[in-house]
Amino acid sequence: MASDRPPVSHHHPQGNGSAMLRRPRVLSGIQPTAGSFHLGNYLGAVRQWVALQETHDAFYMVVDLHAITLPQDPAELRSNTRLAAAQLLAAGLDPERCTLFVQSHVPEHAQLAWIMNCLTGFGEASRMTQFKDKSARQGADRASVGLFTYPILQVADILLYQANEVPVGEDQRQHIELTRDLAERFNGRFGQTFTIPAPYILKETAKIYDLQDPSIKMSKSASTPKGLINLLDEPRATAKKVKSAVTDTGTDIRYDAENKPGISNLLSIYSTLTGAGIEELEQRYDGKGYGALKTDLAEVMTDFVTPFRERTQQYLDDPETLDSILAKGAEKARAVAAETLSQAYEKVGFLPAKH
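As recorded in an unreviewed UniProt entry, the chain goes by the name Tryptophan--tRNA ligase, listed as coming from Streptomyces flaveus. According to its UniProt record, the chain has this under Subcellular location (unreviewed entry): "Cytoplasm". UniProt's Catalytic activity (unreviewed entry) comment on the chain is quoted here verbatim: "tRNA(Trp) + L-tryptophan + ATP = L-tryptophyl-tRNA(Trp) + AMP + diphosphate + H(+)".

A. Fine view of the pairing of strand E2 (residues 57-62). Of all six residues making up E2, six are buried, and the element is well covered by its neighbours. Residues Asp-57, Phe-59 and Met-61 point to one face of E2 and Ala-58, Tyr-60 and Val-62 to the other, with burial holding for every one of them. Of the strand pairs in this sheet, strand E1 (residues 25-30) and E2 are connected by six bridges, and their pairing is parallel. Within E2, the position partnered with Ser-28 by the bridge is Tyr-60. Taken together, E1, helix H2 (residues 39-52) and E2 constitute a β-α-β crossover, and its handedness is right-handed.

B. Inspection of the nonpolar core at higher detail. Counting 56 residues, the largest nonpolar core has Leu-39, Tyr-60, Leu-88 and Met-301 as its most contacted members. Tallying contributions element by element places helix H13 (residues 290-317) first for this core, with ten residues. Discounting residues that sit within four places of it in the chain, Leu-88 has contacts with Ile-30, Phe-37, Val-46, Trp-49, Val-62, Leu-93 and Leu-100. Ranked by size, the runner-up nonpolar core spans 37 residues in total, among them Phe-59, Leu-112, Leu-182 and Ala-337.

C. Region of the structure containing the packing of aromatic side chains. A complete count under the given rule lists ten aromatic pairs for this structure. Ring geometry for Tyr-42 and Phe-304: centres 5.0 Å apart, planes at 45°, overall tilted. With Tyr-42 in helix H2 and Phe-304 in helix H13, this pair connects stretches of sequence that are 262 residues apart. Here Tyr-42 and Phe-304 have matching classes, each one buried. Their ring planes at 50° and their centres at 5.7 Å tell us that Phe-101 and Tyr-161 sit as a pair that is tilted.

D. Layout of the pattern of salt bridges. One pass over the full model with this rule turns up twelve salt bridges. Two residues, Arg-334 and Glu-108, come together in a salt bridge whose shortest N-O distance is 3.1 Å. Placement of Arg-334 in helix H14 (residues 319-348) and of Glu-108 in helix H5 (residues 108-119) is noted, with a sequence separation of 226 residues between them. Take Glu-108: its relative accessible area is 4%, and that puts it in the buried class. Sharing partners across several salt bridges, the network here consists of Asp-252, Arg-254, Asp-256 and Lys-260.

Rules behind the numbers
- Residues numbered from 1 in each chain as written.
- Predicted model: local features only at pLDDT ≥ 70, side-chain atom pairs only at ≥ 80, totals over all residues.
- Heavy atoms only, no water.
- UniProt positions renumbered as here; feature names shortened; annotations may be inferred.
- Buried < 20%, exposed > 50% of the residue type's maximum accessible area, 1.4 Å probe, protein only.
- Helix = DSSP H or I, 4+ residues; strand = E, 2+ residues; numbered from the N terminus.
- Pairing = 2+ DSSP bridges.
- Right-handed = clockwise from strand over helix to strand, strands pointing away.
- Core = buried A, V, L, I, M, F, W, Y, C linked by side-chain atoms within 4.5 Å.
- Contact = heavy atoms within 4.5 Å.
- Phe/Tyr/Trp six-rings, centres within 6.5 Å; stacked < 30°, edge-to-face > 60°.
- Salt bridge = Lys/Arg side-chain N within 4 Å of Asp/Glu carboxyl O.

What follows is the structure, given as structure tokens:
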């Protein structure tokens, strides 16, 4: 974890240095639509981003262009964008070790997306399963063209940075396939321009399920308030949710996802947060009731969320520092993105602008 105080110095050592050049580059993003991160986002993605900044040349962004594919309140979007950046820093992203920026601060994303839109077949875009799911929820007539083409913006996000790998969950594999197809199509038609990225499927971290309905994944859209652990909630409220989590019949504490989904979910959360193995936890709670496990897990959760909330608040209380970190991140990101875009513009045959 990063230190408790926001970093003070912001020089960026990785611009040169041959060691950095040998590191594979990763790119990933998070939507600023949720307000507080929940435990599923954190354990499924953000925690692994923190680890990747030690081994990779890592670019991470708050994807506010993606956020407007569905209607957003402008003031809320602005505040959630800052909030997402503050939480990423609180979780341990270090602007000295990675490039953290806001997508709309780098106009090249939208510019390259247009070229990619013009290379994508209509049928190809129609096959993206996430569009089918999301448009079905709100009715295809009301779905925006942006919702239809956002996977193509995602392609541009990745290709702009010549990313070697893209950390994604299994459900995003289809989007990486599209990225590879479009990069190969562009390279084939116009000459070698883009790195063909590989999916970096995040190590199967325990999937985190809803505390009240362990048959569904913990998520903002599907979970009930009692089933969702928001990292910025009052620690007391979080402890209470853990203590009132649904459990299964019987009293023995063992991992059995099929027959004991409630207890299995609590064991997964405990194991992932503390590093203790599932078997070790089963032995530790052998002969003890569900209450003992829940009480201890509530304490583990409290110990985790308390400093996270404090660090997030420190950044929110100092918006100048936060904005300056994001401005420097955007500057580093643009240095890479502008070079890629200019190559793509030249290859496509756009007339260069004379200054």
